[in-house]
Amino acid sequence: MSTPARPSALAPFRIRNYRFQWPSDLLTSWAFEIETLVLGWYILVETGSVLLLTVLASLQFVGTLVAPVFGMIGDRMGHRDLLVVLRLTYTVLASTIMVLALTGRLAPLNVMIIVAIMGLIRSSDLGIRSALLADIMPAERLVGAIGLSRTTQDSARIAGALTGAGLFAVLGIGLVYAAVASLYFVAAILMSCLTRPKRTVTTSDLPANSHAVSRLLGDLKEGIVYAWSGPGMGAALCVAFLANLTAFPFTGGLLPYIAREIFHTDQTGLGYLSASFAVGSLIGSITLSLVGGLRIARLLIGATLAWYTMLLVFVEIRTMPVAMACLVLAGIAQSMSMISAAVILMRTASAHLRGRVMGVRMMVIYGLPIGLLAAGSLIDIIGYSATGSLYAAAGFIAMLAIAIRWRADLWPLHAPANAR
């Protein structure tokens, strides 16, 4: 299949399966963001504890450690089928919170338990959807398709931040969760409309005895080892871990604290802050879907360093409009950094191992709960500004170290990771 040198940004929609996957991912991402915002504000208001807020945010990512297992399951049962099961499970869990809220039985402990269950499976969703995207999309359209797919998350942060905060204030958490459960259910239906891509792994050759377990463990080990071995793949995974450890805590889980305690605003102001970062991320995603011929590995280095620079400025700002502008710029850099990492992984990974590779990619998100919990404790000890500056400076220095360590894979124009 041949394409023009500068294909249309909407070219991926010519693929039938993409026309179903994109809206399914969009609705799921909307629901994710609404939940994150609403539950974070609920816990902060009910308990007044920044530590419990960071615990809640961390629980959403407890499943990152088992993400390679879900990747292996997706490689075997099919990425499309696994996503249908996951999104139906989200529907059940969201409906549970809805019922508890409407009956007046919702409490912080209930929320923590349900979020922990959700966190076991939700962390794998982004990786599995990326693997499915690589299954259905021709290689020459992959960069544009990944950029467009990132708009589902970026627009969700905008919609979730603005509508979630407003609906929570007007309707209450019970009715908000009725909408969240509906979004998950429609997303599952749309995903089930995809035609199953050709399977890359079969299960018919698995032995029907105890050797099956060792075979499955061997497959899992193969995927984890492979994910670190390709040109530039180790660097992409290290950047993803570093970003989750030191950058995302201040634009995600800690935003309710920043909004309330630093900028002295309510849930509407929280929505504006969250939406600002998302607007920047959306700009970055659309830009990459429109611009071709980029040296992706070089972009990974430059965008990540710019991201940390913006965060270093953000943690010192105390004026809302300036902070929002800074978050827009940070969002642009973040989007370009994370899309570059995903493209390097998907270009390099063999088709039958994509699920496991993206599972490892999701596993490194475990840096986020570590970073959140550490930040919550440090803020109590040394304060918000000192903690934020420490995180941003450490991330900047570590990114330089990664660029030097993998220079041969990331910088030369002829490097596979820089292929146009």
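Fair warning: this is a prediction, and the values are worked out from it, not measured in the lab.

Quick notes on the rules
Residues numbered from 1 in each chain as written. Predicted model: local features only at pLDDT ≥ 70, side-chain atom pairs only at ≥ 80, totals over all residues. Heavy atoms only, no water. Helix = DSSP H or I, 4+ residues; strand = E, 2+ residues; numbered from the N terminus. Buried < 20%, exposed > 50% of the residue type's maximum accessible area, 1.4 Å probe, protein only. Areas by Shrake-Rupley, 256 points an atom, 1.4 Å probe, with all protein chains shown as cover. Axes fitted to C-alpha atoms, helices over the stretch in contact; angles between N-to-C directions. Left-handed = near helix turned anticlockwise from the far one by under 90°. Contact = heavy atoms within 4.5 Å. Nonpolar A, V, L, I, M, F, W, Y, C, P; charged D, E, K, R; others polar. Core = buried A, V, L, I, M, F, W, Y, C linked by side-chain atoms within 4.5 Å. Salt bridge = Lys/Arg side-chain N within 4 Å of Asp/Glu carboxyl O. Phe/Tyr/Trp six-rings, centres within 6.5 Å; stacked < 30°, edge-to-face > 60°. Lys NZ or Arg CZ within 6 Å of the ring centre and 35° of its normal. Parallel < 35°, antiparallel > 145°, perpendicular 65-115°, else oblique. Expected span 1.5 Å × (residues − 1). Patch = residues over 30% accessible without salt bridge, like charges linked within 9 Å, V, L, I, M, F, W, Y side chains within 5 Å. pLDDT = per-residue confidence, 0-100. Polar contact = N/O pair within 3.5 Å; in protein donor to acceptor, adjacent residues only side chain to side chain.

### Thoughts on the overall build of the protein chain
Along the backbone of the protein chain there are 18 helices and zero strands. Within the span of the protein chain, comprising 420 residues, buried residues form 56% of the whole. Of the roughly 16,200 Å² of accessible surface on the protein chain, 69% is carried by carbon and sulfur atoms.

### Focus on the packing of helix α12 (residues 267-290) against helix α14 (residues 320-348)
Where α12 contacts α14, the axes come no closer than 7 Å and their chain directions differ by 40 degrees. Our pair here, α12 against α14, has a crossing hand that is right-handed. Contacts between α12 and α14 involve Gly 269, Tyr 272, Leu 273, Ser 276, Phe 277, Gly 280, Ser 281, Ile 283, Gly 284, Ser 285, Thr 287 and Leu 288 from the first element and Met 320, Ala 323, Met 324, Leu 327, Val 328, Ala 330, Gly 331, Ile 332, Gln 334, Ser 335, Met 336 and Ile 339 from the second. Each residue belonging to the contact of α12 with α14 can be placed in one class, and the counts come to 14 nonpolar, ten polar and no charged.

### Observations concerning the nonpolar core
Ranked by size, the top nonpolar core spans 126 residues in total, and within it Ile 258, Trp 307 and Tyr 384 carry the most contacts. The element contributing the most residues to this core is α14, with 15 residues. Those residues in contact with Tyr 384 that sit more than four places away from it in its chain are Phe 250, Tyr 257, Ile 258, Ile 262, Phe 314, Val 315, Arg 318 and Ile 379.

### Digging into the pattern of salt bridges
Opposite charge on two side chains lets them pair, provided their charged atoms get close. One pass over the structure, following the stated rule, counts six salt bridges. The shortest N-O distance in the salt bridge between Arg 129 and Asp 125 comes to 2.8 Å. Remark: Asp 125 and Arg 129 occur in helix α6 (residues 125-136); sequence separation between them is four residues, near one turn of the helix. Each member of the pair, Arg 129 together with Asp 125, is buried. Salt bridges here are not isolated pairs; linked through shared partners, they connect Asp 25, Arg 87, Asp 125 and Arg 129.

### Some points on the packing of aromatic side chains
One pass over the full model with this rule turns up nine aromatic pairs. Seen in terms of ring centroids, Phe 32 and Tyr 90 are 5.4 Å apart; in terms of plane orientation they differ by 70 degrees. Their pairing is edge-to-face. Residue Phe 32 is found in helix α1 (residues 16-47), and its partner Tyr 90 is found in helix α4 (residues 79-102); the two are separated by 58 residues along the sequence. According to the relative accessible area criterion, Tyr 90 is buried, its value standing at 0%. Here Trp 307 and Tyr 308 contribute two aromatic rings whose centre-to-centre distance is 6.2 Å and whose plane-to-plane angle is 20 degrees, an arrangement assigned as stacked. The same class applies to Trp 307 as to Tyr 308, namely buried. Linked through ring pairs, Phe 13, Tyr 18 and Trp 22 together constitute an aromatic cluster. The side chain of Arg 122 reaches across the aromatic face of Phe 32, ending 4.1 Å from its centre. Sitting above the plane of the Trp 411 ring, Arg 298 keeps its charged end 4.2 Å from the centroid.

### A closer look at the environment of Leu 288
Here Leu 288 lies in helix α12. Leu 288 gets classed as buried once you look at its relative accessible area, which sits at 4%. Between the C-alpha atom of Leu 288 and that of Ile 146, which follows or precedes it by 142 residues, the distance is 9.0 Å.

### So, the packing of helix α10 (residues 233-246) against helix α13 (residues 296-314)
For any two helices packed against each other, the geometry comes down to the angle between their axes and how far apart the axes lie. Between α10 and α13, the shortest axis-to-axis distance is 12 Å and the interhelical angle comes to 10 degrees. Regarding the angle of α10 to α13, the classification is roughly parallel. When α10 is examined against α13, the residues Val 239, Leu 242, Ala 243 and Thr 246 are found in contact with a partner set consisting of Leu 300, Thr 304, Trp 307 and Tyr 308.

### Quick look at α4
Helix length check: α4, at 24 residues, gives a terminal C-alpha distance of 35 Å against a target of 34 Å (1.5 Å per residue), a fit within 8%. Positive backbone phi, approximately 75 degrees, marks Gly 104, located one or two places after α4.

### Describing unusual backbone geometry
Excluding glycine, most residues fall at negative phi; most peptide bonds, likewise, are trans. A positive phi angle is found at His 264, which is not glycine, with a value near 55 degrees. If you trace the backbone, His 264 turns up in the loop between α11 (255-262) and α12.

### Observations concerning a nonpolar patch on the surface
Residues Leu 65, Val 66, Val 69, Ile 73, Met 77 and Val 85 make up a contiguous nonpolar surface patch of about 420 Å² in total accessible area. If you tally residues by element for the nonpolar patch, the top one is helix α3 (residues 67-77), at three residues.

### Here we look at the confidence of the model for the protein chain
Of all residues in the protein chain, 87% have pLDDT values of 70 or greater, and the mean over the chain is 83. Here helix α9 (residues 211-227) is the element of the protein chain with the lowest mean pLDDT, 66, and helix α17 (residues 384-405) is the one with the highest, 95. pLDDT under 50 marks residues 1-5. Its contacts with residues more than four places away, or in other chains, come to five contacts. Per-residue pLDDT stays below 50 along residues 200-210; that stretch engages in 13 contacts with residues further than four places along the chain or on separate chains.

### What about α1?
Between the first and last C-alpha of α1 there are 47 Å, a value that for 32 residues agrees with the 46 Å anticipated at 1.5 Å per step. Gly 48 sits one or two positions beyond α1 and adopts a positive phi of about 70 degrees.

### Structural notes on the environment of Ile 113
Its location among the elements puts Ile 113 in helix α5 (residues 108-122). Linking Ile 113 and Leu 56, residues 57 residues apart in sequence, is a C-alpha distance of 9.6 Å.

### Side note on the environment of Asp 125
Look at Asp 125 and you get buried, because its relative accessible area is 0%. Residues Asp 125 and Asp 25, 100 residues apart in the sequence, show an inter-C-alpha distance of 9.3 Å. Excluding residues within four positions of it along the chain, Asp 125 makes contact with Thr 28, Phe 32, Leu 83, Leu 86, Arg 87 and Tyr 90. Among the polar contacts made by the side chain of Asp 125, one reaches the side chain of Tyr 90 at a distance of 3.0 Å. Side chain to side chain, Asp 125 and Arg 129 meet in a polar contact 2.8 Å long.

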